[in-house]
Amino acid sequence: MEKKAGQTASFMIRFNQIFYEEKGESKVQWRGRVSHVQGGKDQSFSDFSDAVKFIQEQLAELTLEATKHKSQEQQESLFTKSLSLWKTVTTEGPKVIMETIKDPRKQVAHLQDQISEFGEDLLEKVPIDDWRNVSRTDFKTIKDSIAELLTEVKKLNTKVDAINKTTKTSRTSKPKTTTATKKK
Amino acid sequence: MSNLQNNLLELKKFQENAIIRIQTLGQFNLWRDNDKVDSKQWGRDKTVQLLQYLISNRHRHALHKESIMEHLWEEGDDRDFKVALHGVNKVLEPNRPSRTDPSYIIRQGVTYQLDLDKIWIDVEALEKYIIIGNEAFGNDMKTSKEAYKSALALYQGVYLPNRIFEDWSSEEREKIQILVLGAYVILAEILLHENPLESIRLAQCAIAIDKTWEDAYRLQMQAYLIKGNRPQAIKAYQKCADVLDQEYGIDPLPSTKKVLQEIESM
């Protein structure tokens, strides 16, 4: 039986340490290269976090590839368990948002395709068709409205604070009324 | 004659006289009594893989059968292993009488290893040449130079190129690549004044393997400087600076910038 390479990811990381003198000071520099053995991709790095990011991305691709033929439930369960995948989502997420702002129609269509892959039930819950027709102007209007809303909320907060202050002051300045009851 | 020179001669003799010779760099080939073994004689690919696995792990003495199977088969059983091993032995010794021990694959219980005293393998020879080159460096430059040249003559390309996606071959590939990069740069340095054009060529070979290998660019600059080719020397620096910026977002080292200053002051 042949070995199933689909579930294995090997990475070769080369570190090249360089010592040098600069302005009379001894310095050290690390240059590296990380390569994904089974995929053949590689990347240079001078900051190790770039190598980690590269590895995470390759692992995320591996999970996606390995689960593409699974049922919806199985895939969702595996996705949840795949920490590396979600780490990538957290890094890629902001990029998707930026792309959506740049080209909303294209991204909405893309999102719709992705959601439809998970089944019709989910598609019903997400009214993406309503979003599809949103234009850039609409996005601008929404953005402006949110900005206006924020200003109004700010003003409202100031007013509420002022009212609170007044109430507190009036409460504290209220003369103490004492009722003296004569003991009989 | 020094010990190192003797070792060099011995290595060359072995290369010429070994009954089994294996090429792993650039492509995989096996010669038995100077006859190249063709694909028909190999039969299954697993037979080739098993021999390549044994070559990749030749320094890990006595490889356990289970360990070999784990790397080459997902759920292979003893039969798969026996078939592949029989195939390898058949290629190495087609006329071996039955019930006699194989000559080239040493078996001890359930462990296996190649007999490196009988089989000539290019990567093994390359490593040994480089060891001689390193040991002779500084004391016997003639032997050192010859050893590095012999090593680099064996480098016909990447180690087992058809197995680059197999993790069991990666370690050896990386090790050889680093050894070869070092050998190119050292030989280019040795030949810098004697033959600057050859230094430029050798440095270029190193850059072809790893375009970020800064030592190689610096040597090219120095060799062009010796040749009096100022524009090419500056071009080499520029190429180096561009690649380092693109790949790492860094500047060349002060030693490389110093060579540029020397060139600019000419």
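Calculation notes
- Residues numbered from 1 in each chain as written.
- Chains lettered and ligands numbered in written order.
- Predicted model: local features only at pLDDT ≥ 70, side-chain atom pairs only at ≥ 80, totals over all residues.
- Helix = DSSP H or I, 4+ residues; strand = E, 2+ residues; numbered from the N terminus.
- Buried ≥ 20, exposed ≤ 12 C-beta atoms within 10 Å, placed from the backbone.
- Contact = placed C-beta atoms within 7 Å.
- Nonpolar A, V, L, I, M, F, W, Y, C, P; charged D, E, K, R; others polar.
- Pairing = 2+ DSSP bridges.
- Axes fitted to C-alpha atoms, helices over the stretch in contact; angles between N-to-C directions.
- Parallel < 35°, antiparallel > 145°, perpendicular 65-115°, else oblique.
- Expected span 1.5 Å × (residues − 1).
- Domains from an automatic or database assignment.

**Q** I would appreciate a short explanation of the overall build of chain B in the present structure.
**A** When helices and strands are tallied, chain B shows 12 helices and 7 strands. Expressed along its principal axes, the backbone C-alpha trace of chain B runs to roughly 75 × 45 × 30 Å. Within chain B, the proportion of its 266 residues that are buried is 38%. Of the contacts made within chain B by residues no fewer than 6 positions apart, 61% connect residues no fewer than 24 positions apart.

**Q** Looking at this structure, how should I read the interface of chain A and chain B?
**A** For an interface, size is often stated in terms of accessible area lost upon the parts coming together. In this assembly, 18 residues from chain A lie in contact with 18 residues from chain B. Here the element with the most residues in the side of chain A that touches chain B is strand 1 (residues 11–22) of chain A; it accounts for 6 residues. Split into classes, the residues belonging to the side of chain A that touches chain B amount to 5 nonpolar, 6 polar and 7 charged.

**Q** What's the story with the sheet that holds strand 2 (residues 29–32) of chain B in this structure? I'm lost.
**A** Sheets are built from strands that pair by backbone hydrogen bonding, the pairs being arranged parallel or antiparallel. Residue and element names in this part refer to chain B. Pairing within the open sheet is mixed, and its 4 strands lie in the order 3-2-1-7. At either margin of the open sheet sits one strand with a lone partner, and together these are strand 3 (35–36) and strand 7 (119–121). Inspection of the sheet shows strand 1 (residues 20–23) paired to strand 2 by 4 bridges, in the antiparallel sense. Residue pairing in the sheet places Ile20 in a bridge with Arg32 of strand 2.

**Q** Would you explain the packing of helix 3 (residues 45–56) of chain B against helix 5 (residues 78–92) of chain B in this entry?
**A** Each pair of packed helices can be summarised by the angle the axes make with each other and by the distance between the axes. All names here are of chain B. Axis separation between helix 3 and helix 5 bottoms out at 8 Å; the angle between their running directions is 75 degrees. In terms of orientation, helix 3 lies roughly perpendicular with respect to helix 5. In this structure, helix 3 uses Lys46, Thr47, Leu50 and Leu51 to contact helix 5, whose residues at the interface are Ala84, Leu85, Gly87 and Val88. Considered class by class, the residues forming the contact of helix 3 with helix 5 number 5 nonpolar, 2 polar and 1 charged.

**Q** What is the right way to look at helix 10 (residues 214–227) of chain B in this model?
**A** Residues separated by three or four positions in an α-helix point in the same direction, a consequence of the helix having 3.6 residues per turn. Residue and element names in this part refer to chain B. The end-to-end C-alpha separation of helix 10 is 20 Å, in line with the 20 Å expected for 14 residues at 1.5 Å each. Of all 14 residues in helix 10, 12 are buried, a share of seventy percent or more. For helix 10, the set of buried residues is Glu214, Asp215, Ala216, Tyr217, Arg218, Leu219, Gln220, Met221, Gln222, Ala223, Tyr224 and Leu225. On the buried face of helix 10, the contacting elements are helix 8 (167–190), helix 9 (196–209), helix 11 (230–248) and helix 12 (254–264).

**Q** Whenever I open this one, the domain arrangement of chain B confuses me. Can you help?
**A** Residues and elements named next belong to chain B. With domains assigned, chain B is organised as domain 1 (18–120) and domain 2 (123–264). When each unit is reduced to the centre of its C-alpha atoms, the spacing between domain 1 and domain 2 is 34 Å. Counting residues per element, the side of domain 1 that touches domain 2 draws most heavily on helix 3, which supplies 3 residues. Grouping the constituent residues of the side of domain 1 that touches domain 2 by class yields 5 nonpolar, 6 polar and 1 charged.

**Q** Could you clarify how one ought to interpret the pairing of strand 6 (residues 111–114) of chain B in this entry?
**A** Walk down a regular strand and you will see the side chains alternate between the two sheet faces. Residues and elements named next belong to chain B. Side chains Tyr112 and Leu114 project from strand 6 onto a buried face, and the interleaved Thr111 and Gln113 project onto a face without burial. Two strands pair when backbone bridges link them, and strand 4 (residues 63–64) and strand 6 are joined in this way by 2 bridges, in the antiparallel orientation. Considered in strand 6, the bridge of His64 is made with Thr111. Relative to strand 6, strand 5 (residues 105–108) runs antiparallel, the two sharing 4 bridges. Counted as the bridge partner of Gln108 is Thr111 from strand 6. Connecting strand 5 to the antiparallel partner strand 6 that follows it, the hairpin turn spans 2 residues, and Gly109 within it adopts a positive phi of roughly 65 degrees.

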